[in-house]
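Chain and residue survey
As a plain string of letters, each chain reads:
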Amino acid sequence: MEPQEAAGAAGGGCGGAGLLELELPRRGAGEAGAVAAELEARRSGETRRLVLSRRLSGPLPAGLARWFPALEVLDVSGTGLAALGAELLELPRLRTLLAKNNRLGGPGALPKGLGQAPLARSLRVLNLSGNRFAELPAALLGLRGLQSLSLGGNRLHSISPEIQALSSLEFLYLGGNFITSIPPELANLPSLSYLVLSDNKIQSIPPQLAQLHSLRSLSLHNNLLTYLPREILNLVHLEELSLRGNPLVVRFVRDLTYNPPSLLELAGRTMKTRNIPYAPSDLPGNLVRYLSLASNCPNPKCGGVYFDSCVRQIKFVDFCGKYRLPLMHYLCSPECSSPCSSASQSSTSQSESDSEDEAIVAAHRMQKVLLG
């Protein structure tokens, strides 16, 4: 699904009724007054969708909310906007905002108070692809009702962990940026169904992504991936996985290092493995969130957990009866992978068998795996 399709689906409730598409002749920049005058002349209390195709020399015209109080869909794509302006905050019914292919990204590109405006509760679809954002705008984090966010083709180098505040997101499009890593906090988006991270510079996928139980489509093509986390097989609703254009490894990786766990991680492991009870009111919020990111060691003889410190081990798994995918296993300690006894060898063999069984189950669920 492309971002345009997501936006169109969300804005499709307007139908043809109340549609005003304003396509004024392109007379050059600097005629904001003429645009405002034209809009005021066509004012309507019933118009629910407005498309502006004329280049704008400034922010949204003052008075827009007064002239179109019922506006639900606003498309200002390709109008050259460098700032949306405070008028945006006066549109309490707006559900879809398309502002693709503009010059947004500098200071003041989004109005102050965006997260506190009535718009924060009504807006469902926001498309800012093809702009100049170098980081996720902090102003967006207050849009708690947002279901679709597109920031493809910008200048993003990272994904802020604070994106977890957008707990209603179902569609996230971040393709065509310069992103190098994925924060584990992305897994705290319980409704996320479509995740597009293609055409970036991502080298690895955090195993916590397996906690995205609603995920149906994951696009990772044209990155720098050499392996996949074993936990990806736990995405029970995943139907489409795109991996083409990645240097997926064709050999086992043996030069992987192990960093000992920190005191914080040791304490977290103890609480999890010994099932020490706690309530959210017992601990600071950051520690509660940290404990929620624990991953189970896949060694069936272990029963341990890990957070950041783990032993990485690549295993190749038969997938769909056609592909040998390199899946990364994250073990909680070196003891889980050292074949120092027959018992440990049996454990390792069992772990490999479990992985292949899981892959067979996943293959039956998966409708499309794109590797080339």
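Residues numbered from 1 in each chain as written. Predicted model: local features only at pLDDT ≥ 70, side-chain atom pairs only at ≥ 80, totals over all residues. Heavy atoms only, no water.

As annotated in an unreviewed UniProt entry, the chain is Rac GTPase-activating protein 1 from Platysternon megacephalum.

Describing the packing of aromatic side chains
The following threshold applies: Two aromatic rings, drawn from Phe, Tyr or Trp (for Trp, its six-membered ring), form a pair once their centres lie within 6.5 Å of each other, and the interplanar angle then sorts them: stacked below 30 degrees, edge-to-face above 60, tilted otherwise. Each residue is placed in one exposure class: buried if its accessible area under a 1.4 Å probe, protein chains only, is under 20% of its type's maximum, exposed if it is over 50%, and partly exposed if it falls in between. Labels follow the DSSP assignment, with helices taken as runs of H or I lasting at least four residues and strands as runs of E lasting at least two, numbered in each case from the N terminus.
Evaluation of the coordinates by the stated rule reveals three aromatic pairs. Measuring from ring centre to ring centre gives 6.5 Å for F171 and Y173, while their planes differ by 15°; the resulting arrangement is stacked. Take F171 and Y173: they sit in the same class, and that class is buried. Summarising the aromatic geometry, the rings of F171 and Y194 are spaced 6.4 Å apart at their centres and angled 45° between planes, so their arrangement reads as tilted. Placement of F171 in strand 7 (residues 171-173) and of Y194 in strand 8 (residues 194-196) is noted, with a sequence separation of 23 residues between them.

Quick notes on a positive patch on the surface
Filter applied, for reference: Patch membership needs two things, relative accessible area over 30% and no salt bridge, and members are linked within 9 Å if like-charged or within 5 Å if nonpolar (Val, Leu, Ile, Met, Phe, Trp, Tyr). All accessible-area figures derive from a Shrake-Rupley calculation using a 1.4 Å probe, and residue coverage is judged against the displayed protein chains alone. Whenever a carboxyl oxygen of Asp or Glu lies within 4 Å of a side-chain nitrogen of Lys or Arg, that contact is scored as a salt bridge. In this tally Asp and Glu are treated as negative and Lys and Arg as positive; neither His nor the chain ends contributes. To locate a charge, the coordinates of NZ of Lys, CZ of Arg, CG of Asp or CD of Glu are taken.
The grouping of R55, R103, R132 and R155 at the surface amounts to a positive patch. For R103, the location among the structural elements is in the loop between strand 4 (96-98) and helix 4 (119-122).

Some details on the nonpolar core
Selection rule: Here, the term nonpolar core denotes a set of buried Ala, Val, Leu, Ile, Met, Phe, Trp, Tyr and Cys residues that are joined through side-chain atoms within 4.5 Å. The contact rule is simple, with two residues in contact once any of their heavy atoms fall within 4.5 Å.
Formed by 70 residues in total, the largest nonpolar core has its most connected members in L74, L140, L149 and L195. Secondary-structure elements contributing two or more residues to this core are helix 2 (32-41), strand 2 (49-52), helix 3 (64-67) and helix 4. Setting aside chain neighbours within four positions, we find L195 in contact with L172, L186, L209, L212, L215, S217, L218 and S219. Listed in part, the ten residues of the second largest apolar core include C310, V311, Y330 and C336.

Some words on unusual backbone geometry
Non-glycine residue N222 carries a positive phi angle of around 60°. By the secondary structure assignment, N222 is in the loop between strand 9 (217-219) and strand 10 (228-229). Exposure remark for N222: the relative accessible area of 35% places this residue in the partly exposed category.

Topic: the pattern of salt bridges
Counted according to the given criterion, the structure contains two salt bridges. R216 serves as the salt-bridge partner of E239, at 3.8 Å between the closest nitrogen and oxygen. Of this pair, E239 sits in the loop between strand 10 and strand 11 (240-242) while R216 sits in the loop between strand 8 and strand 9, and the two are 23 residues apart along the sequence. On the basis of relative accessible area, E239 is assigned to the partly exposed category, the value being 27%. In this structure, E265 engages R269 in a salt bridge whose closest nitrogen and oxygen atoms are separated by 3.1 Å.

Comments concerning the side chain of N246
Under the convention used in this document: Here a polar contact means two N or O atoms within 3.5 Å. Within protein one must be a hydrogen donor candidate and the other an acceptor candidate, and residues neighboring in sequence count only if both atoms are side-chain atoms.
Residue placement: N246 occurs in the loop between strand 11 and helix 5 (263-273). N246 gets classed as buried once you look at its relative accessible area, which sits at 13%. Side-chain polar atoms of N246 contact the backbone nitrogen of N223, separated by 3.2 Å. Those residues in contact with N246 that sit more than four places away from it in its chain are L220, H221, N222, N223, L224 and L225.

Comments concerning the environment of N246
Separated by 44 residues in the primary sequence, N246 and I202 place their C-alpha atoms 9.6 Å from one another. From its side chain, N246 meets the backbone oxygen of L220 in a polar contact 2.9 Å long. Polar contacts involving the side chain of N246 include one to the main-chain amide nitrogen of L224, which spans 3.3 Å.

Examining the side chain of S217
Checked against the element boundaries, S217 lands in strand 9. Beyond its immediate chain neighbours, meaning those up to four positions away, S217 contacts S193, Y194, L195, L238 and E240.

Remarks on the environment of L238
Note that L238 resides in the loop between strand 10 and strand 11. For L238, a relative accessible area of 3% corresponds to the buried category.

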